[in-house]
Amino acid sequence: MSDTRSKLLALLRSQPAGGFLSGQQAAEALGVSRAAVCKAAAGLRRQGYQIQAVTRRGYRLASEDAPLTRDGLLAALEHWQAPVEVWPSLPSTNLRARQLALDGAPAGTVVAALCQTQGRGRFGRVFESPPGGLYLSMVLRPEGSIAQALTLTAAAAVAVCRAVEECCGVSLSVKWVNDLVLDGKKCGGILTEGAAALESGRLEYLIVGIGLNLCTLPEDFSPAVRPVAASLYPGLAPLPVHQLAASLCRQLARLCFDPQPEQFLPEYRRRSCVLGHHITVHPPAGQPYAAFAQAIDDQGRLVVRLPAGGVQTLQWGEVSVRSAGSPPPEPASI
Ligand code: BTN
């Protein structure tokens, strides 16, 4: 760590809890320019220190916990049998895990990063992955066909919820199929990607990737994402990041290595924030339409009732909950 960085870290740690240190004060105390302070703070954040920078107030350390490291994660995991990688930054942990899977990495191989530069979301979208979040992918090699990917996403969602509840004491809900929701806002997402043999349809590997906003600040997200994003620790509470990452790995292994729907589907349904609600379905192609979320079936599919009668079973797509009084979407033109 550079000298200015380590001195800034020590200075921030010496501030009274919750106290801000202005850029000017830091520059004077360290005998460097404000630009050098700004650069050192950015460097510390890239290393995983949760440093808040607030306009006209300055800097403060949001967490005393050390950033996620490979050694720290291995110690918290205890006797983990598969390879574990922790990177300060990666384009995408899913891409790295896929590369390892193609090279023969076993089930349980973990790739984590403190930030991602090309985080991948569903439907080819970008998943904004600034410092302050946890980005983790695991290689899975379950028996079965690619059709299992949907139930695996449900299993992973329950695994994340259990880990977050165990380590952070926070109860999350799940918006079908892969959004992790805190107080109505998205605090994380899951992307399951894989490959199957063409002739048999049997899975060769699956990668389950989880992104969780831990202490991510609103200003770290783009203006479009900011109003709908939440973080688990927006405040100053110390963050049990090693315990959380380790618990996440253990829960994923428990539920996803050999997925047994009865071990996670009842909880997945209980945690659903769409079941029993009027929703808008946004199909990957085509117009959005109104429906009522009636059930999640044993394959993890969403069963919806249409206003004109009839029932549809959705395997893919995206839904949003319609608040009371919001107008139904414009009917699709046919
Ligand atoms: C979504 O909300 O559409 C899914 C987001 C999944 C993001 C995670 S972060 C770790 C892993 N690496 C990626 O590039 N994506 C997943």
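Before any of the text, the structure's been laid out above.
Residues numbered from 1 in each chain as written. Predicted model: local features only at pLDDT ≥ 70, side-chain atom pairs only at ≥ 80, totals over all residues. Heavy atoms only, no water.

### Some thoughts on the site of the ligand
Just so we agree on the cut-off: Definition of nearness: a residue and a molecule or strand are near each other if at least one heavy atom of the residue lies within 4 Å of the molecule or strand. Under the rule applied, a polar contact is a pair of N or O atoms within 3.5 Å (in protein, one hydrogen donor and one hydrogen acceptor; residues adjacent in sequence only if both atoms are side-chain atoms). Each accessible area is a Shrake-Rupley estimate made with a 1.4 Å probe; only the visible protein chains count as cover when residues are assessed. Whether a set of points on the 1 Å grid over the protein atoms alone is a cavity depends on a 1.4 Å probe fitting there but being unable to get out, while an open set qualifies as a pocket with protein on both sides within 12 Å along at least five of seven lines; lining residues are those with an atom within 4 Å of a point. Molecules are considered to sit inside a cavity or pocket once more than half of their atoms lie within 2 Å of its grid points.
Near the ligand there are 21 residues, and of these Ser92, Gln116, Arg120, Arg122 and Lys186 occur at the shortest range. Between the ligand and Thr93 there is a distance of 3.1 Å, counted from a nitrogen atom to a side-chain nitrogen or oxygen. Asn94 places a polar main-chain atom, nitrogen or oxygen, 3.4 Å from a nitrogen atom of the ligand. Starting from 410 Å² of accessible surface for the ligand in isolation, the protein chains cover 97%. The cavity that encloses the ligand is the largest pocket.

### Here's the deal with the sheet that holds strand E12 (residues 302-305)
In sheet architecture, strand pairing relies on hydrogen bonds along the backbone and comes in two forms, parallel and antiparallel. Cut-off, in case you're wondering: The pairing criterion is simple: DSSP has to find at least two bridges between the two strands. Per the convention used, a helix needs a DSSP run of H or I reaching at least four residues, while a strand needs a run of E reaching at least two, with both numbered from the N terminus. Orientation is described by lines fitted to C-alpha atoms, with helices fitted over the stretch in contact, and by angles between N-to-C directions that extend from 0 to 180 degrees.
The strand order E13-E12-E11-E10-E14 describes an open sheet built from five strands, whose pairing is antiparallel. The open sheet is flanked by strand E13 (311-314) and strand E14 (318-321), the only strands paired with a single partner. For this sheet, the mean angle separating the axes of adjacent strands, direction not counted, is 45°. Inspection of the sheet shows strand E10 (residues 278-282) paired to strand E11 (residues 289-296) by four bridges, in the antiparallel sense. Its bridge partner lying in E11, Thr280 is registered against Ala290.

### Some details on the nonpolar core
The following threshold applies: The set of buried Ala, Val, Leu, Ile, Met, Phe, Trp, Tyr and Cys residues whose side-chain atoms join them within 4.5 Å is what this entry labels a nonpolar core. Under the scheme applied here, a residue whose accessible area is under 20% of the maximum for its type counts as buried, over 50% as exposed, and between as partly exposed, the area being computed with a 1.4 Å probe on protein chains only. Contacts between residues were defined by any pair of non-hydrogen atoms, one from each residue, lying within 4.5 Å.
Judged by nonpolar contacts, the single largest core of 69 residues is most densely connected at Leu212, Leu232, Leu252, Tyr268 and Leu302. Considering each element in turn, this core owes the most residues, 15 residues, to helix H6 (residues 149-168). When neighbours within four sequence positions are excluded, Tyr268 is seen to be in contact with Ala154, Ala157, Val158, Val174, Trp176, Val177 and Ile296. Ranked by size, the runner-up nonpolar core spans 16 residues in total, among them Leu9, Leu12, Ile51 and Leu61.

### Comments concerning the sheet that holds strand E5 (residues 133-140)
Taken in spatial order, the seven strands of this open sheet run E3-E4-E5-E9-E8-E7-E6, and their pairing is mixed. A strand with exactly one partner marks an edge of an open sheet, and here the two such strands are strand E3 (84-87) and strand E6 (173-175). Adjacent strand axes in the sheet meet at a mean angle of 20° when their direction is disregarded. Bridging between E3 and strand E4 (residues 110-113) involves four bridges; their strand directions are parallel. Across the sheet, residue Val86 finds its bridge partner in E4, namely Ala112. In the packing of helix H5 (residues 93-102) onto the sheet, the strands contacted are E3, E4, E5, strand E8 (185-196) and strand E9 (203-213), and the crossing angle to E9 comes to about 155°.

### Regarding the packing of H6 against helix H7 (residues 241-256)
Test applied: Left-handed is the label given to a crossing in which the near helix is rotated counterclockwise from the far helix by less than a right angle, and right-handed is the label when the rotation is clockwise. Put simply, Ala, Val, Leu, Ile, Met, Phe, Trp, Tyr, Cys and Pro go in the nonpolar bin, Asp, Glu, Lys and Arg in the charged bin, and everything else, Gly too, in the polar bin.
Closest axis-to-axis distance for the H6/H7 pair is 8 Å, and the angle between their directions is 145°. At the point where H6 passes H7, the crossing takes the right-handed sense. Note on element contacts: H7 touches H6 through Gln243, Leu244, Ser247, Leu248, Gln251, Leu252, Leu255 and Cys256, opposite Leu152, Ala155, Ala156, Val158, Ala159, Val160, Arg162, Ala163, Val164, Glu166, Cys167 and Cys168. Residues that form the contact of H6 with H7 fall into these classes: 15 nonpolar, three polar and two charged.

The analysis is restricted to geometry; functional conclusions fall outside its scope.
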